[in-house]
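# Coordinates in review
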Amino acid sequence: MPVSDETRRTLVEREWLVTNGIGGFASGTITGETTRRYHGLLVAALPNPLGRMVMVTALDDGLAPADLRDFRVVGGIPTWRYERDGVAIVKRITMPHRQNTTVIEYTLDEGGPLELRLRPAFHFRSYEAAVSEPLHADYTWASDGPRFRVTAGGLPAVRFFLEGALQFEAREARREQLLFALEESRGYQARGDLWSPGTFVARLESGMPVAIMASTEDVEIVSAISAAEAFGGARERNRRMITLAPPAARDGDGIGAELLTAADQVIVEAGG
């Protein structure tokens, strides 16, 4: 079913945010379009003097606004449901507390099986830097068994950890002159380039989710929990927070709990 211009505009204007409690975050529009310099799938809070850096700009999954049937934040976890031709896919995103790690999971909820192609895109830069800042000339993609890493400009590596039926197809490409619409409306530089090393190919089958964990943390830290444990931990932390809150905020389905969860997103325990 086609999406009207008004509906699409509304979806683009509405944004989601997930934070990690130490200054790092992931954010974007509900449609997946990147419209701000601050949007990114992994904006890591790195040690001084680096500070917040956009390390993973996007993960293009080919799921279109016309396929979006539902979006909601469940226990602090942004959750999308897409439907097309008898197939339903659920996507959700979280960040483990106090880790510069983003977990993206896809689950086939109805129909299938099917193949989903996920293309990561990068522009390592300060989250306040103009999107027109030139790309580093030395982006490198390397594999280490089931793990992958991206390096550039002498900055910390971004590591990718895969769960489920995922393979990687190498095909380096640049996406040039991407428009960041909200930056343009604010009068800032609004066009920039992204670099991509290739595509993750996911085989989605009923009861067998696939997940990608992108992180600047050490291998031992990220490997300590699974994607399912990361989502479970996020839900449990949110539940405990509400349990300890004043009575007005303890209704798990009420506005008090929603405000409490939203407020928790902007609390930062600063690091060095």
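Residues numbered from 1 in each chain as written. Predicted model: local features only at pLDDT ≥ 70, side-chain atom pairs only at ≥ 80, totals over all residues. Heavy atoms only, no water.

## So, the packing of helix α4 (residues 227–243) against helix α5 (residues 255–264)
For the record, the criterion: Axis angles are defined between N-to-C directions and span 0 to 180 degrees, where every axis is a line fitted to C-alpha atoms and, for a helix, only to the segment in contact. Helix numbering and strand numbering both begin at the N terminus, where a helix is a DSSP run of H or I of at least 4 residues and a strand a DSSP run of E of at least 2. Definitions for this section: a left-handed crossing has its near helix turned counterclockwise from the far helix by less than a right angle. A right-handed crossing has that turn clockwise. Contacts are assigned to residue pairs that have any heavy atoms within 4.5 Å of one another. Residue classes follow a fixed rule: Ala, Val, Leu, Ile, Met, Phe, Trp, Tyr, Cys and Pro count as nonpolar, while Asp, Glu, Lys and Arg count as charged, and any other residue, Gly among them, counts as polar.
Orientation of α4 relative to α5, taken along the N-to-C sense of each, is 120 degrees, at an axis distance of 10 Å. Crossing geometry of α4 relative to α5 is assigned as right-handed. Note on element contacts: α5 touches α4 through Ala257, Leu260, Thr261 and Asp264, opposite Arg237, Asn238, Met241 and Ile242. Here the contact of α4 with α5 is composed, by residue class, of 4 nonpolar, 2 polar and 2 charged.

## Quick word on the packing of aromatic side chains
Put simply, the test is: Pairing of aromatic side chains here covers Phe, Tyr and the six-membered ring of Trp, requires ring centres within 6.5 Å, and sorts the geometry by plane angle: under 30 degrees stacked, over 60 edge-to-face, intermediate tilted. The cut-offs for exposure are 20% and 50% of the maximum accessible area for each residue type, with area from a 1.4 Å probe on protein chains only; residues under the lower value are buried, those over the upper are exposed, and the others partly exposed. Only when the NZ atom of a Lys or the CZ atom of an Arg is both within 6 Å of the ring centre and within 35 degrees of the ring normal do we say a charge sits over the ring.
Under the definition given, this model contains 17 aromatic pairs. Seen from their ring centres, Phe25 and Tyr127 are 6.2 Å apart, and the 70 degrees between their planes marks the pair as edge-to-face. Remark: Tyr127 occurs in the loop between β11 (125–126) and β12 (140–144) and Phe25 occurs in strand β2 (residues 25–29); sequence separation between them is 102 residues. Summarising the burial analysis for this pair, Phe25 and Tyr127 share the class buried. Here the aromatic residues Phe122, Phe124, Tyr139, Trp141, Phe148, Phe160, Phe168, Trp195 and Phe200 are joined through ring pairs into a cluster of three or more. Between Arg37 and the ring centre of Tyr188, over which it is positioned, the NZ or CZ distance is 4.5 Å. For the cation-ring pair, Lys91 lies above Trp80, with the distance from its terminal atom to the ring centre recorded as 4.6 Å.

## Considerations on unusual backbone geometry
Cis geometry marks the peptide bond from Asn48 to Pro49, where omega comes out at 10 degrees. The step from Gly112 to Pro113 runs through a cis peptide bond, and the omega angle for that step is 0 degrees. Look at Arg98: it is not a glycine, yet its phi comes out positive at around 65 degrees. Tracing the backbone shows Arg98 in the loop between β8 (87–94) and β9 (101–110). Of the residues examined, Arg98 reaches a relative accessible area of 42% and is grouped as partly exposed. The residue Gln177 is not glycine, and still its phi comes out positive at about 55 degrees. By secondary structure assignment, the location of Gln177 is in strand β15 (residues 166–179).

## Some words on the side chain of Thr35
Looking at where Thr35 falls in the secondary structure, it is placed in the loop between β2 and β3 (40–46). Ignoring any residue separated from it by four or fewer positions in sequence, one finds Thr35 in contact with Val12, Thr29, Phe180, Ala181, Leu182 and Glu183.

## Details of the pairing of strand β16 (residues 191–204)
Quick note on the threshold: Any two strands with at least two DSSP-identified bridges between them are counted as paired.
The element β16 is largely enclosed, with a buried count of 12 among its 14 residues. In the sheet, strand β10 (residues 114–121) pairs with β16 via 5 bridges, with the strands oriented antiparallel. By the bridge assignment, Glu115 is partnered in β16 with Arg203. Inspection of the sheet shows β15 paired to β16 by 10 bridges, in the antiparallel sense. Residue Leu178 lies in a different strand from β16, and its bridge partner there is Gly192.

## Examining the sheet that holds strand β14 (residues 158–163)
Spatially, 8 strands are ordered β6-β7-β8-β9-β17-β14-β13-β12 in an open sheet, and the strand pairing comes out antiparallel. At either end of the open sheet lies a strand with only one pairing partner, and these are β6 (68–74) and β12. Taking the axes of each pair of neighbouring strands and ignoring which way they run, one obtains an average angle of 15 degrees across the sheet. As judged from the 4 bridges shared by strand β13 (residues 147–151) and β14, these two strands associate in the antiparallel manner. Among the inter-strand pairings, Val150 is bridged to a residue of β14, identified as Val158. The strands that α4 touches are β7 (77–84), β8, β9, β14 and β17 (210–215); relative to β8, the one it contacts most, it runs at about 65 degrees.

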